[in-house]
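# Descriptive analysis of the structure
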Amino acid sequence: MAQSAAGAARPGKRAVSMAMHIHSAFSEGTASMDAHLQQATDLGVDVIWWTDHDFRMQAHGYRQAVRFEGLSEPESGRSWTWNKILEGKPDLAVGTFINEPHSPDEPGKALRLQAQTSATAWGAMLYEGIAWNSTYTTSLAATVLELDVLAENLGPDAELLVRVLSSYRPATAGRRAGRYTLEYRIGQGTGRWTENNGLLGVVGLAVAPGTWQRLRLDLESDVAAIWPDIVAADSGIHRLRVGVRSRNGALASGVVDRLRFLRTRRDGDESVVLQDEMMREYADRYPAVRQFHGTEISLVRHLNAFGGNFTLPDYGDAPPNKVTTVAAAMAMVDFVHANNGLVAFNHPLEDAPSGPELARLLIETNALGADMIEVGCKEDFGESVFGYDAAARNAVFVTATGVSDDHGGSDWVQQKQRWITSVWADSTDEGDLFAALRGGRAWFWDPQYWRGQLDILVRGTVPMGGVLVTPAAQAPVTISVTDLPDGAAVHLVTGEVDHAGLADPAPATASRRIEFDRQEERAHLVIPTRTSCYLRVEIRNADGEVIGFSNPVWILKDEPRNGIPTERRGSYGWAR
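Residues numbered from 1 in each chain as written. Predicted model: local features only at pLDDT ≥ 70, side-chain atom pairs only at ≥ 80, totals over all residues. Heavy atoms only, no water.

This brings us to the pairing of strand β28 (residues 489-496). Among the 8 residues that make up β28, 6 are buried, leaving the element largely enclosed by the rest of the structure. Sheet analysis places β28 next to strand β31 (residues 533-540), joined by 8 bridges and oriented antiparallel. The residue of β31 that forms the bridge with His491 is Glu538. Two elements, β28 and strand β29 (residues 509-513), share 5 bridges in a ladder whose sense is antiparallel. (Buried < 20%, exposed > 50% of the residue type's maximum accessible area, 1.4 Å probe, protein only. Helix = DSSP H or I, 4+ residues; strand = E, 2+ residues; numbered from the N terminus. Pairing = 2+ DSSP bridges.)

Below, the structure written as structure tokens:
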């Protein structure tokens, strides 16, 4: 979707569209990188920043062992429960935690699984593992599951099951779009094959009856063998189920014990290298979409780190618990900046749950020191805008972005949360995108209703995001909007900049619909500037909903007490 500017920007600038908060198989949802890249390609989005949760990429504090001691089995104070699921119509479906027999290498109990189904169709009983905060859900890359099994009565009509519900993928190689599942069937059959129109991959494993055997299930290798056309590492362990199934009246019976998650390539930045390998492979498949490293720093108030000398935080031996103090978040902002990255303050109402509370936080902390803030996100839009406008009133220069925070990857346009951010930049190179984001040359938009471009230019040289210090009593302003939908309107929001601080942590704004020349795709205004102010633009659809949101331009009488960032001062990087 990168296009030349429509005249407001200087020659050479392009509108570059970006998905700035995207989760793949490393996170707790069902998305794959493959699915997101297909969505970006279909929508014409130029850039994806991968922002999987940092601790999930590293599997930090993740579950390592399940000993089958009961339906509930905490580890290091973090819960694990088994949830029973029936499929088909088994006549008998019983799971019993027993003292004997158990694995010779695992003292304590084991789980006996028994099912019997008189029908010719399979009936099954499965137990789904539910870990605290989804702390086994991540990419299955470089992961082996070990499971000790004792076959009591298994055969062609009686099998034990280990099922991994994996990631959503777009249609490919004759298979429809959908979620993939990897299933191990333990009994007498062997081999690998697919069912369910190719979305279910099956591995048959033969085991001898009456003796404990250790299965080593190499998930990535089996995915690669079953579906050689996909990037196997880009597959998640979204849900894990262990069970038994029967048909034709057979009694299926077996005992399972000693489940282990053996993960490699997770220490330090090894998972970043792993992700980079996938990005390189996908670059050939989706050449129109630039990909960059990012992460959602998740054990403080959530922050997205972007690019630079990209590295993940080192949490040491600390448990994977979120520390919500402001100091912890600001320290993490400093960490990212020390590595030459940019930082976004994510879904900021999560820990400041109202507009006034968010306003106080942004004013007190200069927006945590972050470069960006997710104004368009999963939280209440009006409350987020309230906090942002209050900060703008106090000359807190932080770039507003809009995101989807998508964990599913199935449909970027129809989902409830679907913002895309665009910037005016020289190219899709990281340095040019950073310059645009630091300078506030950004707007965000709702792809379901509008996919145009938006810009503001003050006095012919000061662009959206910029700060102009001038004694002039008025300023000419040009607002450019392309492809305005029928029934949509352009609204100008103006706000005082009086540094009211915590004495009045609220916006001081006025909004009005402006006359807009749809043929020229511009509006020309003269704004009174006798006192310091800022202005920004909203695009509203026929129902009055915001479908486009610009960053402000500040027009000030005096230098602000905290200074002006270089990239925002006047016409920096814009007019030459």
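Neither face of strand β3 (residues 47-50) is left uncovered, since the one carrying Val47 and Trp49 and the one carrying Ile48 and Trp50 both have all their residues buried. Note that the unit made of strand β2 (residues 14-22), helix α1 (residues 33-43) and β3 has a crossover that is right-handed. Relative to strand β17 (residues 290-297), β3 runs parallel, the two being bridged by 4 bridges. The partner of Ile48 across the bridge, within β17, is Gln291. (Right-handed = clockwise from strand over helix to strand, strands pointing away.)

Backbone hydrogen bonds are what pair the strands of a sheet, in a parallel or an antiparallel way. Strand order in the open sheet formed by 4 strands is β25-β24-β27-β30, with antiparallel pairing between adjacent strands. Each edge of the open sheet is held by one strand with a lone partner, namely β25 (462-463) and β30 (522-528). Both strand β24 (residues 454-458) and strand β27 (residues 474-481) contribute to a ladder of 5 bridges, which runs antiparallel. Within β27, the residue paired with Leu454 across the bridge is Val481.

What follows covers the side chain of Arg441. With respect to the helices and strands, the residue Arg441 is situated in the loop between α8 (430-438) and β23 (442-445). Nearest to the buried, unbridged Arg441 among oppositely charged side chains is Asp455, at 7.8 Å. Polar side-chain contacts of Arg441 include one of 3.2 Å to the backbone oxygen of Glu567. (Lys, Arg positive; Asp, Glu negative; His and termini not counted. Salt bridge = Lys/Arg side-chain N within 4 Å of Asp/Glu carboxyl O. Polar contact = N/O pair within 3.5 Å; in protein donor to acceptor, adjacent residues only side chain to side chain.)

Our focus in this paragraph is the sheet that holds strand β11 (residues 178-187). As summarised here, the arrangement of the 7 strands in space is β5-β8-β15-β10-β11-β13-β12, forming an open sheet in which the pairing is mixed. Edge positions in the sheet fall to β5 (80-87) and β12 (191-195), since each has one partner strand and no second. For this sheet, the mean inter-axis angle between neighbouring strands, taken without regard to orientation, is 25°. As paired strands, β5 and strand β8 (residues 123-131) are joined by 8 bridges and run antiparallel to one another. Opposite Glu87, over in β8, you have Ala124 as the bridge partner. Sheet strands touched by helix α3 (residues 219-226): β10 (158-169), β11, β12 and β13 (200-206). Its angle to β11, the strand with the most contacts, is close to 110°. (Axes fitted to C-alpha atoms, helices over the stretch in contact; angles between N-to-C directions. Contact = heavy atoms within 4.5 Å.)

This part takes up the packing of α1 against helix α4 (residues 270-285). At a minimum axis distance of 11 Å, the contact between α1 and α4 shows a crossing angle of 40°. Considered as vectors, α1 and α4 are oriented oblique to each other. Both α1 and α4 take part in a crossing whose hand is right-handed. From α1, Met33, Asp34 and Leu37 reach across to α4, where they touch Gln275, Met278, Met279 and Tyr282. Class assignment for the residues of the contact of α1 with α4 results in 5 nonpolar, 1 polar and 1 charged. (Parallel < 35°, antiparallel > 145°, perpendicular 65-115°, else oblique. Left-handed = near helix turned anticlockwise from the far one by under 90°. Nonpolar A, V, L, I, M, F, W, Y, C, P; charged D, E, K, R; others polar.)

Turning our attention to the packing of helix α6 (residues 355-365) against helix α7 (residues 381-393). Each pair of packed helices can be summarised by the angle the axes make with each other and by the distance between the axes. Between α6 and α7, whose axes approach to 8 Å, the crossing angle comes to 35°. In this structure, α6 meets α7 at a crossing whose hand is right-handed. Facing Gly355, Pro356, Leu358, Ala359, Leu362 and Ile363 of α6, the residues of α7 in contact are Glu383, Ser384, Phe386, Gly387, Tyr388, Ala390 and Ala391. The residue makeup of the contact of α6 with α7, split by class, is 9 nonpolar, 3 polar and 1 charged.

With that settled, consider the pattern of salt bridges. Going through the model one piece at a time under the given rule, you end up with 37 salt bridges. Ionic pairing is found between Arg214 and Asp105, a salt bridge with its closest N-O pair at 2.8 Å. With Arg214 in strand β14 (residues 212-218) and Asp105 in the loop between β6 (92-98) and β7 (110-116), this pair connects stretches of sequence that are 109 residues apart. A salt bridge links Arg239 to Glu128, with the shortest nitrogen-to-oxygen separation between them at 3.7 Å. Pair noted here: Arg239 is in strand β15 (residues 239-246) and Glu128 is in strand β8, with a separation of 111 residues, a long-range link. Among the charged side chains, a salt-bridge network with shared partners connects Arg63, Arg67, Glu73, Glu75, Glu106 and Arg260.

Moving on, we get to empty space enclosed by the protein. One pass over the structure, following the stated rule, counts 5 cavities of 30 Å³ or more. Approximately 50 Å³ is the volume attributed to the largest cavity. Around the largest cavity, the lining residues are Ala305, Phe306, Gly307, Asn309, Phe310, Thr311, Phe335, Val336, Asn339 and Gly341. At the level of secondary structure, the elements contributing two or more residues to the lining of the largest cavity comprise β18 (303-306) and α5 (326-338). (1 Å grid on protein atoms, 1.4 Å probe; cavity = no way out; pocket = protein on both sides within 12 Å on 5 of 7 lines; lining within 4 Å. Points joined across faces, edges and corners; volume = space filled by probe spheres on them.)

Cis peptide bonds are those with omega within 30 degrees of zero, and the linkage from Glu100 to Pro101 qualifies with -5°. Within the secondary structure, Pro101 is located in the loop between β6 and β7.

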